[in-house]
Amino acid sequence: MNTIVVFSLKGGTGRTTVACNLAAELVEQGRRVAVVDADPQNALGLHLGMRVGERFGVARGDLTDHDISKYQRSLSKVSHVPFGQCNFEELLELERARVENYAWLDDRLARLTPPDTEIRILDVPAGVSGWLYHTVCAAELVLVVLQADAASYATLPATEEFLSRRGASKGIAYLLNMMDARKPLSVDVRGAMTGIVAKNMLPFTIPHDEAMREAFAQQKSIREHAPDSQASFAFGELADWILDLFRG
């Protein structure tokens with residue numbers, strides 16, 4: 001199984017949207033994919049038809065095999081594992097368990113991920129955290145999601161420093177999301193970012209596309225909602241690039 005970690009030091013870059021739509025595109029290309037929400041916000045599944053406040057997920061330690069099988073049977077084409085709705089005390093207990101048992105997350109994911117999964121995509125919280133530190137170690141690819149703005153640009157030195165110490169086995173790639181190529185400033189920022197991360201900047205971007213918001217409102221992937229849109233084409237490029245990487 002190949003693992004992709006999708007993250008950003010800055011919140012609001014569209015990291016979760018990228019994870020869900022990448023998973024949907026890979027499924028359309030015939031791959032067996034599971035996308036896992038490792039973010040306590042528990043929002044990933046909302047892109048894929050999950051009900052608000054779903055408690056099933058990574059955070060639940062009391063799940064039976066029947067619970068897991070029942071949830072997996074309820075899924076649409078894209079297999080996903082929510083984080084699970086938690087209160088503050090439950091989150092503190094989870095953090096304690098993760099710190100005391102380094103294999104805790106691996107064991108939990110092995111139980112919740114369908115056994116025939118070929119590619120697992122982990123959506124981790126923004127910023128440097130224990131969740132990120134742990135998942136990056138086991139990833140074949142770290143996909144860093146950015147926007148072409150000053151705030152994302154400012155995170156690059158810290159991102160590069162962190163990943164230089166915790167590098168993935170297959171590689172690191174930077175993806176610009178919601179890119180508006182009509183704006184000269186966005187183009188300039190993209191050039192400046194490329195100057196820092198060099199060959200790790202992907203040669204394509206996910207364009208700013210109103211169809212993405214419409215898809216989310218309907219809890220659909222962009223491939224389902226608007227297969228001929230610019231954004232859908234871009235996710236196809238991203239999926240092709242990743243599959244080529246894993247074949248290499």
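Residues numbered from 1 in each chain as written. Predicted model: local features only at pLDDT ≥ 70, side-chain atom pairs only at ≥ 80, totals over all residues. Heavy atoms only, no water.

Colleague: Break down the sheet that holds strand β5 (residues 141–146) for me, with residues and values.
Modeller: Reading across from one edge, β3-β2-β4-β1-β5-β6 is the order of the six strands in this open sheet, with parallel pairing throughout. On the outer flanks of this sheet lie β3 (79–81) and β6 (171–176), each paired with one strand and no other. The mean angle between the axes of side-by-side strands here comes to 20 degrees, regardless of whether they run parallel or antiparallel. Taken together, the six bridges between β5 and β6 define a ladder with parallel strand orientation. Counterpart to Val142 in the pairing with β6 is Ile172. (Pairing = 2+ DSSP bridges. Helix = DSSP H or I, 4+ residues; strand = E, 2+ residues; numbered from the N terminus. Axes fitted to C-alpha atoms, helices over the stretch in contact; angles between N-to-C directions.)

Colleague: Would you mind going over the nonpolar core in detail, with residue names and values included?
Modeller: Core analysis: the largest hydrophobic core is formed by 40 residues, its most contacted members being Val5, Phe7, Val58, Leu163 and Tyr174. If you tally residues by element for this core, the top one is helix α4 (residues 104–112), at four residues. What Leu163 contacts, discounting residues up to four positions off in sequence, is Phe7, Val136, Val142, Val144, Ile172 and Tyr174. Core analysis: the second largest hydrophobic core is formed by 38 residues, Ala19, Val145, Ala173 and Leu238 among them. (Core = buried A, V, L, I, M, F, W, Y, C linked by side-chain atoms within 4.5 Å. Buried < 20%, exposed > 50% of the residue type's maximum accessible area, 1.4 Å probe, protein only. Contact = heavy atoms within 4.5 Å.)

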